[in-house]
Amino acid sequence: MGMLRYFRLGLGLQTLYLSLLFICFFVVVSETSKSEKPNVLFIVIDDLRPALGCFDDRILTPNIDQLAQQSVIFTQAYVQQAVCAPSRISFLTSRRPDTTKLYNFKSYWRTFAGNFTTLPQHFKENGYFAASVGKVMHPGKASGGNDDYPYSWSIPAYHPPTQLNKTSKVCENPDGTLHENLICPVDVAKMPGKSLPDIQSTDHAIEIIKNISKLTKTSKNFTQPFFLAVGYHKPHVPFKYPKEYEELYPLDSIWMPPNNFFPPDLPTVAWEPYQMMRTREDVQSWNISYPFGPVPLKYQRLIRQNYFAATSYMDYEVGRLLSELEKAGFADNTIISFKGDHGWQLGEHEEYSKFSNFKEATRVPLFFHIPGVTTKKHRKWGEAFPLINPLKDTKLREKHLKRLADWMAPTKPSQSSKLTTDAFVELVDLFPTLAELAGLRVPPTCPPKPFKIDFCTEGTSLVPVINQVTKTKPSNIIQWKNATFSQYPRPSDYPCPLTDLSPLQNITIMGYSMQTSKYRYTEWIGFDSSNFRQNWNDVHARELYMMDTDEQENYNVANQESSKELVKELSGILKAGWRSSLPIFKKN
C-alpha cells in the first residue's frame, strides 16, 4: 500500500492496523522463546535543542523533566549533520553522513551506500517486536519510501493522517483569513480530522502499548520484548499547536539571546538564510532582506514564543505516552532513550532554523532512563511518570509565569538529575549503547572502508560513561573521546536559495566541524559530489571559536595571526577525524 494512500485512509485504517498488530503478536510469539530482555522506548523529537526545563527553568516541560530526573543526562550531545533525514539515518545506522552518502532527503542508503543494519533491525533480528510511530525515520526516499520496512520494523510504520495537512492553509490571521503560516496556534477542534499529528501519534503508540499489555496478561506464552520508536513532529516548523499553550509564554516575557547579532568575522559560506522559514506566508509579509536579514525584533520574540509553546505542547504528549507505559506495567522493565534529531537556532547570530555547524544547531538533549540503574524498580503505580498538565495545574502555571517575569535572573535546571555528565557524545553512539544496555551483540567499530560491512558502528557505546556516572560498575575508561564531529554541505560560498538544503549534484563545499572542550574548529573545503571526495587543499574558509572566552561562538579568530599555529594543529586533528578521538579503555 502506498504511503499517500495509507495517509488518506486515515483513522479508518487505524482500527484494521491495530487488529492486524494484535494478530501479528500471536504469530511472532509462537516462535519466540522465553526472554527477560528489557523493552526499549525510543523517543525522538524533531528540531529540539536543549530547550527543556531540565536545562533551562524558563521552559515548561514538566513531563520530560520527570523522565530526565530519573535518567543519565548527557549535556554535551551532538548530531552529525543538522538536518532531519541525514541526522536520523546517521544515528539509526550508526554511520556518519560521508558513509551513508546522504546530505539531504533524496537517496536511500541501502541502494546508494551499503546494506547497513539499522538499530531497530538489530533488535528485530534478536527477537524484538519493532514498531515505528510518527516521524522516526524520515519518510520518503531517504528511508526507501516505506520507512525501511520490512528490514527495520515488524509491521509497517505508522504516520498520523493529519500530517498530510502540514502545508494546509489553516493558520488564522487577525482578519480571520486562513494562511500557510510559520506562526500557527490553532483550535484543534477546527482542524482537519479534529486532531494534530503528535496527538494522533501518541494515541496510536498508546494503543500498541495497551495491546501488548493485554497479551502479557492473557497469554502465558507471550514473552516477546518490544522496541517501540515514537517520533514527535513539534517543535518543527510550522509552529502548529493547540492555541492554549501560547498563554504559557506571554510575548512581553520572551527573552532574547545575548548574541542576537551577526558575527563580525563569520564567513559567508557558514551562513544559512533560513529559506524554509521564508516560504511561509506570514514571514513573507515581514519583508526580511535576503540573504542576511535581520528578522525584525518583534518577530524574533514571536518565533521564540511559538517555539517554546510548541515544545510545551509536545511535552504533554510525551507525558501521555510515559504515563500509559507506566499504567500498562512496563515502567520497571523498559529502557527509555530520549533525544532531539538536531537543534534549532532561535536568534543566536541572527539565525533561525538549523542547516549549520553552530552549536545551537548541532547540540541536542540526550538522556537514558534505565530501571534499576538510574532509578529503583518496583515502584508504586504513579510514582515514575504521573501525567502533568500545565494548562490545568494552576500552581505550576503561576510559578512558571512568575519565573518568566524575572527572565533576567540566571537560568538553572528545573528538575535536574543527579546523574549528569558533560562527556562528549554523538548520536552515532545510540546504536551500540542501546544494544549493550539490552544485552545484545554490540557492533564493532567500522573499518576505514565500511561500505560492504553491514554490521558495524562509527560511534561508541556510552555504557562505560553510564557505569561511571551511576557507579554501578568500576570504570574502565582511561580517556573518553575528546571531540565530536559534525558537517554541513553548501552549493556555494555566498548564500543562495539552495544553501540550506542543496541537491547532491549542487554540493561543491563541505564544512567539517570539530567540537572540543576548548575550541570549535571548522574548515569549509572543496567537495566533489560525483565521487564524494574531499579536497583538503581547497580551503574556502575557516572558523575558530575559543570556548573558554567565547562560549557563544561570536568571534571567529581563525584568520588572526596569533591563531596561526593553533589552526595548523587543529586542522591536522580535524583531518584525522573521529577515529583519532575514540576513547581509550583499560585492557581486561
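Each chain has its residues counted from 1, following the order in which its sequence is written. Only residues with pLDDT of at least 70 are given local features in this predicted model, and only at 80 or more are side-chain atom pairs given and counted; all residues enter the totals for whole chains, interfaces and linings. Derived side-chain values reflect all non-hydrogen atoms in the structure, with water molecules and hydrogen atoms excluded from consideration.

Enquirer: Hey, could you run me through the environment of glutamine 81 in this one?
Expert: Put simply, DSSP marks the helices as runs of H or I at least four residues long and the strands as runs of E at least two long, and each gets a number from the N terminus on. If you trace the backbone, glutamine 81 turns up in the loop between strand E2 (72-78) and helix H4 (84-93). Under the relative-accessibility criterion, glutamine 81 is labelled buried at 0%. By definition in these notes, contact holds between two residues if any of their heavy atoms fall within 4.5 Å. The residues touching glutamine 81, leaving out its near neighbours within four places in the chain, are Pro86, Ser87, Pro97, Leu102, Tyr103, Gln487, Tyr488 and Pro489. Two N or O atoms count as a polar contact when they lie within 3.5 Å, although within protein this holds only if one can serve as hydrogen donor and the other as acceptor, and sequence-adjacent residues are included solely when both atoms are side-chain atoms. Among the polar contacts made by the side chain of glutamine 81, one reaches the main-chain carbonyl oxygen of tyrosine 103 at a distance of 3.0 Å. When a residue's accessible area, from a 1.4 Å probe over protein chains only, is under 20% of the maximum for its type it is buried; when over 50% it is exposed; and in between it is partly exposed.

Enquirer: I'm lost on the nonpolar core in this one. Help?
Expert: As a rule of thumb, soluble globular proteins bury nonpolar side chains together. Residue types Ala, Val, Leu, Ile, Met, Phe, Trp, Tyr and Cys, when buried and joined through side-chain atoms within 4.5 Å, form a set referred to as a nonpolar core. In terms of nonpolar packing, the biggest core is built from 93 residues, with Ile43, Phe239, Trp286 and Ile303 touching the most fellow members. By residue number, the principal contributor to this core is helix H11 (residues 297-327), which donates 14 residues. Not counting the four nearest positions on each side in its chain, tryptophan 286 is found in contact with Leu182, Ile183, Val295, Pro296, Tyr299, Leu302 and Ile303. In this structure, Val79, Phe116, Val425 and Ala438 belong to the second largest nonpolar core, which totals 48 residues.

Enquirer: Looking at this model, I keep getting lost on the confidence of the model for the protein chain. Mind explaining?
Expert: Regions with low pLDDT should not have their predicted coordinates read in detail. Confidence of the predictor in every single residue is expressed as pLDDT, which spans 0 to 100. For the protein chain, the mean per-residue pLDDT works out to 92, and 94% of the residues sit at or above 70. In the predicted structure, residues 1-17 sits below a pLDDT of 50 and forms 28 contacts with residues beyond four places in sequence or in another chain. Note on residues 25-34: pLDDT under 50 across the span, and 16 contacts to partners over four residues away in sequence or across chains.

Enquirer: I tried to follow the pattern of salt bridges on my own but got confused; where do I start?
Expert: We define a salt bridge as a contact between a side-chain nitrogen of Lys or Arg and a carboxyl oxygen of Asp or Glu at a distance within 4 Å. This model, assessed by the stated rule, comprises 19 salt bridges. A salt bridge links glutamate 317 to arginine 320; the shortest N-O distance between them is 2.8 Å. Of this pair, glutamate 317 and arginine 320 both sit in helix H11, three residues apart, which is roughly one turn of the helix. According to the relative accessible area criterion, glutamate 317 is buried, its value standing at 4%.

Enquirer: Help me understand the environment of serine 201, please; the structure alone is not making it clear to me.
Expert: With respect to the helices and strands, the residue serine 201 is situated in helix H8 (residues 197-218). Sequence separation of serine 201 and valine 463 is 262 residues, and the distance between their C-alpha atoms is 30 Å. If sequence neighbours within four positions are ignored, serine 201 has contacts with Val133, Gly134, Tyr158, Pro160 and Gly231.

Enquirer: So what exactly am I meant to see when it comes to the packing of aromatic side chains here?
Expert: How two aromatic rings sit relative to each other is set out by the distance from centre to centre and by the angle between their planes. A pair of aromatic rings is counted whenever rings of Phe, Tyr or Trp (Trp by its six-membered ring) have centres within 6.5 Å, and the orientation is called stacked for planes under 30 degrees apart, edge-to-face for over 60 and tilted otherwise. By the definition in use, this model includes 32 aromatic pairs. A ring pair is formed by phenylalanine 74 and phenylalanine 368, whose centres lie 5.9 Å apart and whose planes are at 90°; its orientation type is edge-to-face. Of this pair, phenylalanine 74 sits in strand E2 while phenylalanine 368 sits in strand E12 (residues 363-369), and the two are 294 residues apart along the sequence. With 6.3 Å between their ring centres and 35° between their planes, tyrosine 103 and phenylalanine 532 make a pair best called tilted. Placement of the pair is tyrosine 103 in the loop between helix H5 (97-100) and helix H6 (109-112) and phenylalanine 532 in the loop between strand E18 (519-528) and strand E19 (533-546), with a sequence separation of 429 residues. Take tyrosine 103 and phenylalanine 532: they sit in the same class, and that class is buried. Aromatic ring contacts, followed pair by pair, group Phe239, Tyr249, Trp255, Tyr307, Phe308 and Trp344 into a single cluster.

Enquirer: How should I be thinking about helix H15 (residues 463-470) in this particular structure?
Expert: Each full turn of the α-helix corresponds to 3.6 residues, which orients residues three or four apart in the same direction. Burial runs high along H15: seven of the eight residues are buried. Regarding H15, the residues found buried are Val463, Pro464, Val465, Ile466, Asn467, Val469 and Thr470. Buried residues in H15 make contact with E2, E12, strand E13 (420-421), helix H14 (430-437), strand E15 (477-479) and strand E20 (584-585). Where H15 terminates, the next one or two residues include lysine 471, which has phi positive at roughly 60°.

Enquirer: Got a minute to help me understand the state of the cysteines in this structure?
Expert: Among covalent bonds in proteins, the disulfide is the one between the sulfur atoms of two cysteines. Two cysteine sulfurs form a disulfide in these notes if their separation is within 2.5 Å. In this structure the tally under the stated criterion is two disulfides. For cysteine 171, the disulfide goes to cysteine 184, at an S-S distance of 2.2 Å. Across the S-S bond linking cysteine 171 and cysteine 184, the dihedral sits near -95°, which makes this disulfide left-handed. Placement of the pair is cysteine 171 in strand E4 (residues 171-172) and cysteine 184 in strand E6 (residues 183-186), with a sequence separation of 13 residues. Taken individually, cysteine 171 and cysteine 184 each receive the classification buried, so the pair is uniform in this respect. Should the bonded cysteines of the protein chain be numbered as they appear in the sequence, the pairing reads 1-2, 3-4. With no disulfide partner, cysteine 84 has as its closest neighbouring cysteine sulfur the one in cysteine 184, 18 Å distant.

Enquirer: How do you make sense of the pairing of E12 when you look at a structure like this?
Expert: Residues in a regular strand project their side chains so that they alternate between the two faces of the sheet. Burial analysis of E12 places six of its seven residues in the buried class, which makes it a mostly covered element. Should DSSP find at least two bridges between two strands, the strands are regarded as paired. Alignment of E2 against E12, held across five bridges, turns out to be antiparallel. Looking at the pairing, alanine 77 lines up with valine 364 of E12. The pairing of strand E9 (residues 334-340) with E12 spans four bridges and is antiparallel. Across the sheet, isoleucine 336 pairs through a bridge with histidine 369, a residue of E12.

Enquirer: Any chance you could explain the sheet that holds strand E17 (residues 509-515) here in plain terms?
Expert: Working definition: the strands of a sheet are paired by backbone hydrogen bonds and lie parallel or antiparallel to each other. The strand order across the open sheet built from four strands is E16-E17-E18-E19, with neighbouring strands paired in antiparallel fashion. One side of each edge strand has no neighbouring strand; the edge strands of this open sheet are strand E16 (484-490) and E19. Each strand axis lies, on average, 20° off the axis of its neighbour in the sheet, ignoring direction. Pairing of E17 with E18, which is carried by seven bridges, proceeds in the antiparallel orientation. Opposite isoleucine 509, over in E18, you have glycine 526 as the bridge partner. Running at roughly 60° to E18, helix H16 (residues 564-576) makes contact with E16, E17, E18 and E19 of the sheet. In this analysis, axes come from line fits to C-alpha atoms, helices being fitted only over the stretch in contact, and the angle between any two N-to-C directions falls in the range 0 to 180 degrees.

Enquirer: Any chance you could explain the side chain of lysine 359 here in plain terms?
Expert: Along the chain, lysine 359 turns up in helix H12 (residues 359-362). Here lysine 359 sits buried without a salt bridge, and the closest side chain of opposite charge, glutamate 551, lies 4.1 Å off (N-O distance). With sequence-adjacent residues up to four places away left out, lysine 359 is seen in contact with Tyr78, Glu551 and Glu553. Only four residue types enter the tally: Lys and Arg on the positive side, Asp and Glu on the negative side, with His and both chain ends excluded.

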